[in-house]
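Chain and residue survey
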Protein chains: 2
Amino acid sequence: MFKIAVDMMGGDDAPDIVLEAVEKAVNDFDDLEILLFGDQAQCTINHPRVHVRHTTEAISMEDEPVRAIKRKKDSSMVKMAEAVKNGEATACVSAGNTGALMSAGLFIVGRLPGVSRPALVVTLPTVKGNGVVFLDVGANADAKAEHLYQNAILGHIYAQNVRNIEQPRVALLNIGTEAQKGNSLTKQAYALLKDSDTLHFVGNIEAKSILEDDADVIVTDGYTGNMILKNLEGIAKSFGKIIKGTLMSKFKNKIALLIMKKDIKAIAKQLDYSEYGGSVLLGLDGVVVKAHGSSNAKAFYSAIRQAKIASDTKIVDIMREKVGEKDE
Amino acid sequence: MFKIAVDMMGGDDAPDIVLEAVEKAVNDFDDLEILLFGDQAQCTINHPRVHVRHTTEAISMEDEPVRAIKRKKDSSMVKMAEAVKNGEATACVSAGNTGALMSAGLFIVGRLPGVSRPALVVTLPTVKGNGVVFLDVGANADAKAEHLYQNAILGHIYAQNVRNIEQPRVALLNIGTEAQKGNSLTKQAYALLKDSDTLHFVGNIEAKSILEDDADVIVTDGYTGNMILKNLEGIAKSFGKIIKGTLMSKFKNKIALLIMKKDIKAIAKQLDYSEYGGSVLLGLDGVVVKAHGSSNAKAFYSAIRQAKIASDTKIVDIMREKVGEKDE
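Residues numbered from 1 in each chain as written. Chains lettered and ligands numbered in written order. Predicted model: local features only at pLDDT ≥ 70, side-chain atom pairs only at ≥ 80, totals over all residues. Heavy atoms only, no water.

1. A word on the interface of chain B and chain A
The condition is simple: Contacts are assigned to residue pairs with any non-hydrogen atoms lying within 4.5 Å of each other. Buried area, as used here, totals the accessible surface that two parts lose on assembly, with accessibility defined by a 1.4 Å probe and the loss added over both. Identification of polar contacts relies on pairs of N or O atoms within 3.5 Å, with a donor-acceptor requirement for protein atoms, meaning one able to donate a hydrogen and the other able to accept it, and with residues adjacent in sequence counted only if both atoms are side-chain atoms. Secondary structure elements are defined from DSSP: runs of H or I of at least 4 residues count as helices, runs of E of at least 2 residues count as strands, and each element is numbered from the N terminus. Residue polarity is assigned by list, with Asp, Glu, Lys and Arg as charged and Ala, Val, Leu, Ile, Met, Phe, Trp, Tyr, Cys and Pro as nonpolar; anything else, Gly included, falls into the polar class.
Every contact between the two is made by 49 residues of chain B and, on the other side, 49 residues of chain A. Ranking the residues of chain B by area buried against chain A places Ile175(B), Tyr223(B) and Ile242(B) at the top, with a combined share of 14%. Along the contact surface separating chain B from chain A lie twelve residue pairs in polar contact (both at pLDDT 80 or more). The set of elements that each furnish at least two residues to the side of chain B that touches chain A consists of helix H6 (184–194), helix H7 (222–247) and helix H8 (251–270) of chain B. With 18 residues, H7(B) is the single largest residue contributor to the side of chain B that touches chain A. Split by residue class, the side of chain B that touches chain A holds 24 nonpolar, 16 polar and nine charged.

2. Concerning the confidence of the model for chain A
Fine structural detail should not be taken from predicted coordinates in areas where pLDDT scores are low. Inclusion rule: Along the chain, pLDDT gives the predictor's confidence residue by residue, from 0 to 100.
Per-residue confidence for chain A gives a mean pLDDT of 91; residues scoring 70 or more make up 95%. At the level of chain-chain contacts, confidence expressed as ipTM amounts to 0.86, with global pTM at 0.89.

3. Some points on the layout of surface pockets
Short version of the rule: Only protein atoms enter the 1 Å grid, on which a cavity is a set of points fitting a 1.4 Å probe that cannot get out and a pocket is an open set with protein on both sides within 12 Å along at least 5 of 7 lines, lining residues being those with an atom within 4 Å of a point. Grid points are joined across faces, edges and corners, and a volume is the space filled by probe spheres set on the points.
In this structure, the second largest pocket encloses a volume near 410 Å³. Surrounding the second largest pocket, 21 residues form its lining, Asp142(A), Ala143(A), Asn183(A), Leu185(A) and Asn183(B) being those nearest its centre. Of all the elements in the fold, those that place two or more residues in the lining of the second largest pocket are helix H6 (184–194) and helix H7 (222–247) of chain A together with H6 and H7 of chain B. Of the residues forming the lining of the second largest pocket, the biggest block, three residues, is contributed by H6(A).

4. Digging into the sheet that holds strand E8 (residues 200–205) of chain B
Adjacent strands of a sheet pair through backbone hydrogen bonds, lying either parallel or antiparallel. Residues and elements named next belong to chain B. Applied cut-off: Strands are labelled as partners when DSSP assigns at least two bridges between them. Axis lines are fitted to C-alpha atoms, over the contacting stretch for helices. Their N-to-C directions set the angle, which ranges from 0 to 180 degrees.
One open sheet holds the eleven strands; their spatial order is E3-E2-E1-E4-E11-E10-E5-E6-E9-E7-E8, and the pairing between them is mixed. Both edges of this open sheet fall to strand E3 (50–54) and E8, since each of them pairs with a single strand only. Taken pair by pair, the neighbouring strands of this sheet meet at an average axis angle of 25°, ignoring direction. The sheet contact formed by strand E5 (residues 119–124) and strand E10 (residues 279–282) spans three bridges and is antiparallel. By the bridge assignment, Val 121 is partnered in E10 with Val 280.

5. Examining the sheet that holds strand E2 (residues 32–38) of chain A
All names here are of chain A. Pairing is mixed in the open sheet, where eleven strands are placed in the order E3-E2-E1-E4-E11-E10-E5-E6-E9-E7-E8. Two strands in the sheet have a free side with no partner beyond their single neighbour: strand E3 (50–54) and strand E8 (200–205). Each strand of the sheet is rotated relative to its neighbour by a mean of 25°, with strand direction disregarded.

6. Some words on a negative patch on the surface
Rules: Patch definition: residues above 30% relative accessible area lacking any salt bridge, with like charges linked at up to 9 Å and the nonpolar side chains Val, Leu, Ile, Met, Phe, Trp and Tyr linked at up to 5 Å. Per-residue and other accessible areas follow the Shrake-Rupley method at a 1.4 Å probe size, with only the shown protein chains counted as cover for residues. By definition, a salt bridge exists where a carboxyl oxygen of Asp or Glu is found within 4 Å of a side-chain nitrogen of Lys or Arg. Two residue types count as positive, namely Lys and Arg, and two as negative, namely Asp and Glu; His and chain ends fall outside the count. To locate a charge, take NZ of a lysine, CZ of an arginine, CG of an aspartate or CD of a glutamate.
Residues Asp12(A), Asp13(A), Asp16(A), Glu20(A) and Glu23(A) make up a contiguous surface patch of negative charge. For Asp16(A), the position within the fold is in helix H1 (residues 16–28).

7. Some details on the relation of the copies chain B and chain A
Cut-off, in case you're wondering: Copies are brought into register by a least-squares superposition over C-alpha atoms of residues with pLDDT of at least 70 in both.
Least-squares fitting of chain B to chain A yields an RMSD of 0.0 Å, with the superposition described by an axial translation of 0.0 Å and a rotation of 180°. Such a combination of turn and shift is consistent with a two-fold rotation axis. If distances are taken from each C-alpha of chain B to the rotation axis, the shortest is found for Ala256(B), at 2.2 Å. In this assembly, 100% of the residues forming the interface of chain B have copies in chain A that are likewise at the interface, indicating an isologous arrangement.

8. Thoughts on unusual backbone geometry
With omega at 0°, the peptide bond leading from Ala14(B) into Pro15(B) counts as cis. Mapped onto the fold, Pro15(B) is located in the loop between strand E1 (2–7) and helix H1 (16–28). Across the junction of Leu135(B) and Asp136(B), the peptide omega takes the value 0°, indicating a cis bond. In this structure, Asp136(B) sits in the loop between strand E6 (132–135) and helix H5 (145–161). Positioned with a positive phi, Asp213(A) is a non-glycine residue whose angle comes to about 60°. The backbone phi angle of Asn164(B) is positive, close to 60°, even though this residue is not glycine. When you line up the elements, Asn164(B) lands in the loop between H5 and strand E7 (169–173).

Here it is in structure tokens:
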């Protein structure tokens with residue numbers, strides 16, 4: 001039985017979409033038990049494997065992350081993280097304030113020995129549909145070269161265990177493919193990565209090739225990674241607006257789009273982040289999953305499933321062992 | 001009469017596309033004179049306002065930038081830059097090695113007084129079609145906050161004079177819109193920008209909103225800017241592949257696409273970088289324009305036109321005056 005702690009109060013459409021996702025998840029997976037943290041009065045689920053833990057506070061998107069975690073002791077997010085810390089749950093999922101969730105991970109769940117900075121990882125959809133593990137997308141905005149090296153190790157282990165890639169190709173995101181390209185951070189990181197015995201390092205990769213299946217893991221700092229992630233999200237929307245604006249103004253195009261409707265939906269599904277679940281905070285002594293703030297029930301469900309898979313693969317134990325090794 | 005120096009030998013398809021573009025440019029603009037640097041034997045143009053200057057060397061894409069500029073004294077790129085330096089031409093255009101062109105700008109054309117680091121600027125197409133001035137896209141990969149501030153000033157002047165925007169809205173590219181967001185670089189830059197009397201600073205902008213017409217000038221460091229630019233280019237291609245792969249596999253979709261063909265082409269034109277010319281290296285004592293390495297004749301033509309407009313607006317003189325002011 002997998003026990004997963006869920007923050008009922010986090011995200012734009014909480015608790016409705018959280019409740020819908022939790023209900024679907026416990027119905028789909030017989031080996032899943034949910035500890036649901038939030039306002040008991042708002043919980044509409046009645047299921048033997050869903051246990052509501054009443055909390056009286058909620059952390060908002062506007063709350064200052066560290067202060068919120070330290071002060072709102074009876075918030076759904078803090079209590080959820082404590083459930084992982086004290087071993088009641090192996091993983092937790094929240095769609096709430098990202099910064100606060102990272103702080104909860106860091107200060108409540110705690111880092112694994114040997115990990116200096118946790119990293120936020122996502123799996124991006126790719127052209128061939130294989131997907132690529134991309135990190136850090138925002139945990140550590142002022143990274144040093146050794147943090148990038150550690151991100152590579154965390155990403156490598158994640159790709160091996162969660163994505164079943166035996167020898168993942170690890171690439172460094174950079175502004176040129178040649179070894180000497182980049183800023184001082186990527187130049188130093190390149191030097192560390194190319195000497196690694198653990199990693200199958202395939203060199204630099206440019207931002208134009210991220211979705212081209214040229215690597216299984218792409219490593220960058222939290223500032224650049226967050227930037228690229230938001231750019232990917234935004235560009236798809238901006239392109240969509242331009243295309244819609246031009247095409248939908250004519251009747252003949254509306255007909256043409258109607259003909260392709262089903263296939264366009266299939267493409268949207270392939271590119272849909274919510275199919276891939278949320279982002280996982282790696283390097284902690286427990287699985288912490290962030291579902292998108294503007295999550296729908298499907299995305300939150302995917303995030304729960306992702307937390308379950310991560311628990312199932314015992315990724316935290318493997319990281320504890322492997323990252324520890326590097327320290328000796 | 002505007003005299004523009006052109007590198008005949010730079011870029012993937014030189015000299016063919018360069019010659020095609022130069023011929024069209026002198027035919028379109030009566031007040032344009034071109035100094036064409038390269039192998040005389042390969043020049044097929046015979047026009048009273050095109051003057052060929054024979055050179056014996058060429059800088060390749062693989063050449064190490066600074067060394068190439070210092071050693072290949074009789075290269076088309078070095079001679080072209082010297083024409084700007086000695087006042088024979090007001091601007092120069094090359095589709096060659098970007099790093100080498102930046103070095104030629106820095107070491108041959110020279111910086112304007114008060115400019116610590118030149119910046120590479122592009123105009124990106126936007127959803128509403130207004131375009132946005134985006135810099136630095138690769139001149140200065142390890143920028144400091146004061147460099148970002150100077151980029152903002154350069155971009156502000158560029159938007160005012162080349163794009164005719166009286167009071168350009170200047171934004172800082174960042175990983176959140178709130179003032180306290182970002183890495184140490186953007187936090188420091190924010191503090192400098194918000195106190196500026198010259199600029200109309202509108203705060204942080206996220207990468208997802210770059211094409212949304214929320215700003216007229218977007219400022220970032222050369223590492224991040226280059227990353228975003230390549231991401232924009234690559235994502236459009238990757239999306240195109242996914243869409244084509246799925247849609248073109250069915251006959252009915254081929255018909256539907258045929259119906260929309262003309263309008264799809266119009267969209268492609270709106271999003272086409274080559275319509276906007278190349279990137280301009282700002283902060284130098286002359287106009288230096290980089291046409292895309294994989295330029296077609298149309299893109300190179302746009303780059304020449306851009307060099308002409310920049311000369312016409314006397315942007316270098318204005319920058320000399322305005323950037324100088326800041327120093328007193």
